[in-house]
Amino acid sequence: MKRIYIYSLVLALATTTVSCKKYLDEKPNNAIATEDAIIDAGTARAAIIGTYDRLQGYYASQYPTLGTITADNVIFNGTLSEYLQLDQNAIPTDNVITMGTYTAIYRTINSANSVIAYVPAINDPLLTVTEKNKILGEAYFIRALSYFDLARGWGGVQLQLKPTADLNGLKGIKRSTLDQTYDQVLADLVQAENLLPEDATTRNRAQKSTARALRARLHLYRKQWADAETYATQVISNTKYALVKPYKTFFTAPFLSTESVFELTYSVNDRNGFWGTWYPSSAGGSFTLKPSDAIVAKLNNPQIGGTRSTLIAGTAPNIYGVLYNTTASSIDPSYVIRIAELYLIRAEARAQQNKLTGANSAASDLNIIRDRAGVLPTTATSQADLLQAIEDENNVEFAFEAHRWFDLTRTGRAGTVLGITNPNRYLFPIPLSDILSDPDVVQNPGY
Amino acid sequence: MKQLYKKGVWLFLCVFFTQLSFAQTEPSIKSRLTGRVLDAANKQPLPGAVVRINGVTNGVSADNEGKFTILTGQTFPFTITVTYIGYVTQEVVVNGSPIEITLKENIGQLNDVVITGYSTQERKYIAGSITSISSETIKDQPVAGFNQLLQGKAAGVQVLSNSGVPGGGITFRVRGSNSINASNDPLYIVDGVFLSNNDPVSSFGQQAGSNPIADLNVNDIESIQILKDANATAIYGSLGSNGVVIVTTKRGKRNTKGKINFNTYQGWSTAIKKFQVTDGPQTALLTNESKNNTAAETGVPATGLIANPESQPTYNRTDDLFRNARSQNYDLSTQGGSETSDYYIALGYLNQQSIVKPSDYTRYTARFNYDNNITKNLKVGTSVSISRSLRNLSGSDNNPQGVINSALFVRSYLPVFNADGTYARYGSFDNHLALIANLNNKSVGWRTVANFFGEYSFSPYLKLRSSWSVDTENENANSYSNTLISAGIASNGSASSSISQNYVYTNEQVLTFIKSFGKDNKHNINALIGNTLNTVNSNSTGSSGTGFATNNLTSVSSAATRSGSSSQSTAKLVSFFAKGSYAFDDKYIIDGSIRADASSRFGKNKQWGYFPSGGIAWRAGQEDFIKNLNFFDELKFRGSIGLSGNQAGIGSYAALGLWSSGANYLEQAGTSPSQLANPDLGWETTRQIDLGTEFTILNKRLTISLDYYNKYTYDLLLNVPVPYRSGFTSYLQNYGAMRNKGFEAAIHSTNINSGGFKWTTDFNISINRNKIEILPSDIVQGASGRNISILRQGYPVNSFYLYKQLYVDPQTGNAVYDDVNKDGKITSADRQIVGDAQPRFAGGFTNSVNYKNFDLNLFFYFQQGNKIMNMNDFFMVHGGTQANIGFVPRQLERWTTPGQITDIPRLTTVSSNPDQNGGSANNYGGNVASLSSRYLQDASFIRLKTATPGFTLPSSLTQKLSVSRARIYVQGTNLLTFTHYDGLDPEVSSQSANQNTAGYDWATVPQPRTIQVGINVSL
């Protein structure tokens, strides 16, 4: 009896051991193995959708925060010191918003890199060449936008152009110069423009004209005025786009107005709660970002703000920004490029090329924007005055979008306007944690 | 390996057979002795008691009814020796058959029976470090979780409540923190069931968490063993490195009459200290002073000054938070046994309110423990515990929309209500009264912990036990934010509902061999082999909705917009283990164990881990040369070394390269890379050395136990930061090492025991030094992105990373900080470690006095040297930089006049020159941004945790009432606290959801002071 029992025990133990490997093989049901991530039409589509999702990841709140609170339109009114640091332009290298944005942008790039690397090899009859090109074009565009956003925030960065499968292939990529980063953006935009389709309605996925619009902005940042004008004109002349009137139409649901060149769409299943950062607690928000007294005065001035006064609501001292306003549903889009920007890009490019007044001039473009807002035409005529007027117009037209800080830093005016005496502070710091973990990265000067 | 294992099993079994056949050799028979061995106190049989004729090598064991038969070559009369674990050995001269032998229980620390991993051993044979705690020590306290009650009761065990919320989370560490990203919690085993230690409340964003172990009724516990060193824990292999807490619940005893016990207590709790803020005029004055100081420096005229600061009203919000909270507890149990079976049945009810509104906790428990000896050799049994817990929670109190924050942070001159009578709200903050009245977060947990076992005795020496157990946790959490609180205003009401389930299945087989043999039974063997299959399965399904027609509809199904989510994960563990202990002559003990574990969480290349241990003990007190000293009643030295592992706390699929779903856009399903593959991911291993001694002196009046240990944890399961350009932020690797070494002492003293007067003292102290030995780079975290906690090589975990304020310049009133890199500037390079949250030492001190029917128990807990980050000061001593936040009185100590010595700098909001040391910007903002050591405080304290006078009714009276025993008592909890900490309570840890961010006090419910009256009755 004992023997039989013990024999069977041993047998049981042995059987268990043999079947261990299989027994211990567990897989999740809400994730796929990396090697199966992009292998056919379905996964390729999912991957590019995921890349847009990553773009939402840093555009929903982080990038617009970095582009606004750092300048003079928006002040800190909450409790979180990382916002205070940005507001005071005293950004330590471990500021969590700059760090979060930096990592989120590279996460987007990794997704785009994966699409660019793996989609061409897919051999699936369900994935037509047209669709393949569209997916690739979108990936190139998103990568271009990501590197552009890195460049204007942090300067020339490390150009990571291959997907990360493991950590071994990472070594040895140093920071590029600002020009090299912008060259990469340009190269990707050229590819994107080739590959992308164009239709009459799409505004929340990349199209040929989206790539052209970003290209106009890129040339503006690089002071390539003629190119900036050319590409801005290409977009403006596309009948798909038109300024909306009144001003608030573009940020009032339903979105995707004709004003929009590129915006990221949200839904009740994919929410954008950024409004909560702007609204006071009596309306359910945290009121961390608050319009400054100066911008409130400008927006409320009919000669400056005009109908753009609809960007704010409330009474002093609780005036708050309402660019993001879908408090019940949280479906505000992330505004990336509006056609108004293309007019102002062209205005600035024309002013720089001394096309100051008259038809097809800096002033005519500027006045289109002013007219839409119900403000009288500009009185500026000289190049300097016009450039100043365009800067001021940008300030109110894009009061709560990620423009002001980048406009002031690209033109070198942040010192004068914001009182930032140290030009090193025009760039955000590379996150301290990245400096510690990546031997190939060097910190921006002054940090 | 498989081959090796099979061979090992065979070898082991061969040894057994040899022993068995040896035992069966019989001499020629001259007389036949039959008898029974019984417990002297309750006349219960003692199965397994060994009866041996003196001078003869082998003996027999009593069966399940305590009966034995000896056939011997000797003739009556002869002397027999009867031994049984935990009982005094007895020699009896027998002159005829049958006989009845009664053994007395051996009371005295060193002779206790200790339940170790998979076996029961006499303490004297233990080479490892194990602390035993009886139910007496932790009974009748107004705390739901038994683990919380172990605070100060066991050397080497550090227990801290994270908050004063009933049923709230605790931090429990055995000999320090081993791990950074894997769990630091011990393994809890209740009647053989591996308990899940997941936070039972996954919703509501609880800052300090809830205690999963609170589901167990303390009243059902018989004893607790805490396994601390590698020798004791290695048998649990990969589950054991953080220590093992083995709980044995009460069981009936065979052949006893049914007994009924009833316990109840009623308690009243209040706050020891309440939050203080500056009154209206002071707040206005400070605000204006800050604006004026700033204007004077920048030359820009001040705006928004408060007119007539001294006539500002004061609205006291913080008093609204507190209440006199009630606690009540009822326990009813019965136990007893027939000739073949025994039972314990218990019901319990506990209800506790938090002293800060509106949280409360209610728990219903039921337990059924039953054993049946079906045949002489086969025993089956079960332990089943069912509990239902209801928690009313307030969400995160330190969120601007949390109850405490909205009362504490809002400026005191601002009215609570608007002119129209509606709730007023300011800045980011909600209205505290609105929250108290309308918060609706309810969590209902169902927990079943059940074990079924069968035990077959092949012989008195060889026993096989098969055990099947399950721990199921079900949580149904429902929350509704109506339109009267911030969270529901914008969305027209929002609701969420979720069901989370966590199942732990464990199956174990253990074959145990225990035998003494040889001349005078000098050889004593205790050995076992076994296997474990363990599966942990977690599921959750959640739904949420926004947009409600009215506040009276609160279910997700009533919402205009609804969405859902779900998740599931499964992790499996396969283990084999063996353990053996050999004692010679009651003096020399050597033991060893090994466990082999394979986990589904790990990479294909590193799935198996092997965890051996070995220990030796020398009972020097048994040596003649020590006996001759006539000083030691007992003296034992022991030493052990071994490995144990850890895999808890990391994801079920941590080793796989994955793309996650849910990365959706435009209502289309998307995927994105989420995790890099690591096929080499394997065990985190702790190597521990323990050296200890235990001795009893002064005629057994003083027992002292001392231990030194040194734990080195290597191959840490660590989220190693990777270059961000990879698209990932970290990669889970086996990298890094941590060391904990320390010393612990426990003293038990019977000071007086005469004339019905007994006074005993227990004292224990633990000293632990924790140090991160290897770390790839600093890891900072904590305080919502402020990164106040740091992990840095060469320093302990839970270190605080701040700017060290040297002084406030008496001339300028500006704060001057330590310029660490001496570059003349204050930048993030000047942050440094200025202390940590771990105590230098901690312990407990208990005095018990009994005189006739009176008893008195006083228990003090103390800890020294730990720092606490006072986040309330961090926010509310802000110098004017926080326009929407008020001040605490400490702000009034700010610098105002040249020559003044203070540590609170001049009020200002100047932000230029943030790099300048001693400049205005860094007083409260700038680069320092208030991350100053001035808010870090010493949190050492000594606390009279409990004081309990009791009175047992005289038996003359109880007999009249036909009860066998009745005791009434009064107990005070947290009556006295001695500390320099100026917050409400040094015993909180607001950021404990992350184990690496301990030691924050941030709008947290403090420990209450409770007075309770209770009665225990036995029928």
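*Asks:* Could you give an account of the overall build of chain B, naming the residues involved and the relevant values?
*Replies:* From N to C terminus, chain B includes eleven helices and 51 strands. Its C-alpha atoms give chain B a radius of gyration of 32 Å, near enough to 31 Å, the size a compact globule of 1019 residues would have. Within the span of chain B, comprising 1019 residues, buried residues form 53% of the whole. Within chain B, contacts between residues at least 6 apart in sequence are counted, and of these 69% link residues at least 24 apart.

*Asks:* Report on the overall build of chain A, specifying residues and quantitative values.
*Replies:* If you tally the helices and strands in chain A, you get 18 helices and seven strands. The dimensions of chain A, computed from C-alpha atoms along their principal axes, are 105 × 50 × 45 Å. Within chain A, the proportion of its 447 residues that are buried is 59%. If you take every contact in chain A between residues at least 6 apart in sequence, the share linking residues at least 24 apart comes to 67%.

*Asks:* Give me the sheet that holds strand β14 (residues 193-194) of chain B: which residues, what numbers.
*Replies:* Residues and elements named next belong to chain B. Pairing within the open sheet is mixed, and its five strands lie in the order β10-β15-β16-β13-β14. Strands at the two margins of the open sheet, each flanked by one partner only, are β10 (130-134) and β14. Judged from the six bridges that link them, strand β15 (residues 221-227) and strand β16 (residues 244-249) form a sheet pairing that is antiparallel. Paired with Q225 across the bridge in β16 is I246.

*Asks:* A description of the interface of chain B and chain A should follow, citing residues and the corresponding values.
*Replies:* Contacts between the two partners involve 87 residues from chain B, matched on the other side by 79 residues from chain A. Where the side of chain B that touches chain A is concerned, the elements lending two or more residues are α1 (2-24), α7 (486-489), β25 (523-546), β26 (561-584), β30 (658-661) and β31 (671-675) of chain B. At nine residues, β26(B) tops the list of elements feeding residues into the side of chain B that touches chain A. Its residues assigned to classes, the side of chain B that touches chain A shows 36 nonpolar, 42 polar and nine charged. Pairing analysis gives three bridges linking strand β1 (residues 31-33) of chain A to β30(B), with the strands arranged antiparallel. Counted as the bridge partner of A:A33 is B:L658 from β30(B).

*Asks:* Give a description of the sheet that holds strand β47 (residues 936-938) of chain B that names residues and reports values.
*Replies:* The strands making up a sheet associate through hydrogen bonds between their backbones, and the pairing can be parallel or antiparallel. Residues and elements named next belong to chain B. With mixed pairing, the three strands of this open sheet are ordered in space as β47-β46-β50. Looking at which strands have only one partner, the edges of the open sheet turn out to be β47 and β50 (1000-1001). Relative to β47, strand β46 (residues 867-870) is paired through three bridges, and the arrangement is antiparallel. Among the inter-strand pairings, I868 is bridged to a residue of β47, identified as Q937.

*Asks:* Pulling in residues and values, what's your account of the nonpolar core?
*Replies:* A:V115 and A:A144 are the most contacted members of the largest nonpolar core, which totals 219 residues. Counting residues per element, this core draws most heavily on helix α7 (residues 129-154) of chain A, at 13 residues. Look past the residues within four positions of A:A144 in its chain and what remains in contact with it is A:V185, A:D188, A:L189, A:A192 and A:L214. With 72 residues, the next largest nonpolar core counts B:I126, B:A527, B:F577 and B:A746 among its residues.

*Asks:* Pulling in residues and values, what's your account of the packing of helix α9 (residues 208-221) of chain A against helix α13 (residues 339-352) of chain A?
*Replies:* Residues and elements named next belong to chain A. Two numbers describe how α9 lies on α13: the axes approach to 10 Å, and their chain directions differ by 35°. In this structure, α9 crosses over α13, and the sense of that crossing is left-handed. Here A213, A216, R217 and L220 of α9 come into contact with α13, specifically with L342, I345, E348 and A349. Among the residues making up the contact of α9 with α13, the classes are represented as six nonpolar, no polar and two charged.

*Asks:* I'd love a proper account of the pairing of strand β3 (residues 260-264) of chain A, names of residues and values included.
*Replies:* Successive side chains on a regular strand alternate, one facing one side of the sheet and the next facing the other. Residue and element names in this part refer to chain A. Counting buried residues in β3 gives five out of five residues, a clear majority hidden from the surface. Sheet topology note: the β3/strand β7 (residues 334-338) ladder contains four bridges and is antiparallel. Among the inter-strand pairings, S260 is bridged to a residue of β7, identified as R338.

*Asks:* Describe in detail the environment of B:Q158, supporting the description with residues and values.
*Replies:* Residues and elements named next belong to chain B. Position of Q158 among the secondary structure elements: in strand β11 (residues 157-161). As a C-alpha pair, Q158 and D762 span 604 residues in sequence and 17 Å in three-dimensional space. Beyond its immediate chain neighbours, meaning those up to four positions away, Q158 contacts R173, S766 and A842.

*Asks:* Pulling in residues and values, what's your account of helix α12 (residues 293-300) of chain A?
*Replies:* Residue and element names in this part refer to chain A. Buried residues of α12: I295, V296, K298 and L299, and no others. Buried residues of α12 fall within an arc of 165° about the axis and therefore sit on the same side. Among the exposed residues of α12, those oriented more than 90 degrees off its buried face are A294 and A297. Buried residues along α12 sit against β4 (289-291), β5 (312-313) and α15 (383-397).

*Asks:* Before we move on, could you go through unusual backbone geometry and cite the residues and values that matter?
*Replies:* Residue A:P317 is bonded to the preceding A:A316 through a cis peptide linkage, with omega at 0°. Going from B:K357 to B:P358, the amide bond is cis rather than trans, its omega being 0°. For B:P358, the location among the structural elements is in the loop between β19 (341-353) and β20 (360-373). The phi torsion at B:D585 lies on the positive side, around 60°, for a residue other than glycine. Mapped onto the elements, B:D585 comes out in the loop between β26 and β27 (588-599). Despite not being glycine, B:A929 shows a phi value in the positive range, around 45°. Note on placement: B:A929 falls in the loop between α10 (921-924) and β47. Judged by the 23 C-beta atoms lying within 10 Å of it, B:A929 falls in the buried class.

*Asks:* Could you give me a rundown of the environment of B:S163, with the residues and numbers involved?
*Replies:* Tracing the sequence through the fold places B:S163 in the loop between β11 and β12 (170-174). Put simply, B:S163 and B:Y188 are 25 residues apart on the chain and 22 Å apart in space, counted from C-alpha to C-alpha.

*Asks:* How would you sum up the confidence of the model for chain B? Please name residues and give values.
*Replies:* A residue-level look at chain B finds 95% of positions with pLDDT of 70 or above and a mean pLDDT of 88. Taken together, the stretch residues 1-27 of chain B has pLDDT below 50 and engages in 18 contacts with residues farther than four places along the chain or on a different chain.

*Asks:* How would you summarise helix α4 (residues 280-298) of chain B if you had to cite specific residues and measurements?
*Replies:* All names here are of chain B. With 19 residues, α4 should reach 27 Å at 1.5 Å per residue; the first-to-last C-alpha distance of 27 Å fits that figure. Within the span of α4, buried status applies to G280, Q282, T283, A284, L286, T287, S290, K291, N293 and T294. Residue G299 follows α4 closely and has a positive phi angle near 80°.

*Asks:* Tell me about the pairing of strand β48 (residues 941-952) of chain B, and please be specific about residues and values.
*Replies:* All names here are of chain B. With ten bridges connecting them, strand β45 (residues 854-864) and β48 associate as antiparallel partners. Bridging across to β48, F854 finds its partner in F951. Across nine bridges, β48 lies against strand β49 (residues 965-979) in antiparallel orientation. From the neighbouring strand, T952 faces β49, where its bridge partner is R967.

*Asks:* Quick rundown of the packing of helix α6 (residues 96-118) of chain A against α7(A)? Include the residues and the values.
*Replies:* Residue and element names in this part refer to chain A. Two numbers describe how α6 lies on α7: the axes approach to 9 Å, and their chain directions differ by 155°. Put simply, α6 runs roughly antiparallel to α7. Crossing angle aside, the handedness with which α6 passes α7 is left-handed. Between α6, through Y102, I105, T108, I109, A112, V115 and I116, and α7, the contact on the second element is made entirely by I135, L136, A139, Y140, I142, R143, S146, D149, L150 and W154. In terms of residue class, the contact of α6 with α7 is made up of 13 nonpolar, two polar and two charged.

Definitions and cut-offs
- Residues numbered from 1 in each chain as written.
- Chains lettered and ligands numbered in written order.
- Predicted model: local features only at pLDDT ≥ 70, side-chain atom pairs only at ≥ 80, totals over all residues.
- Helix = DSSP H or I, 4+ residues; strand = E, 2+ residues; numbered from the N terminus.
- Rg over C-alpha atoms; globule rule 2.2 N^0.38 Å.
- Buried ≥ 20, exposed ≤ 12 C-beta atoms within 10 Å, placed from the backbone.
- Contact = placed C-beta atoms within 7 Å.
- Pairing = 2+ DSSP bridges.
- Nonpolar A, V, L, I, M, F, W, Y, C, P; charged D, E, K, R; others polar.
- Core = buried A, V, L, I, M, F, W, Y, C linked by C-beta atoms within 7 Å.
- Axes fitted to C-alpha atoms, helices over the stretch in contact; angles between N-to-C directions.
- Left-handed = near helix turned anticlockwise from the far one by under 90°.
- Arc of directions from axis to C-beta.
- pLDDT = per-residue confidence, 0-100.
- Expected span 1.5 Å × (residues − 1).
- Parallel < 35°, antiparallel > 145°, perpendicular 65-115°, else oblique.

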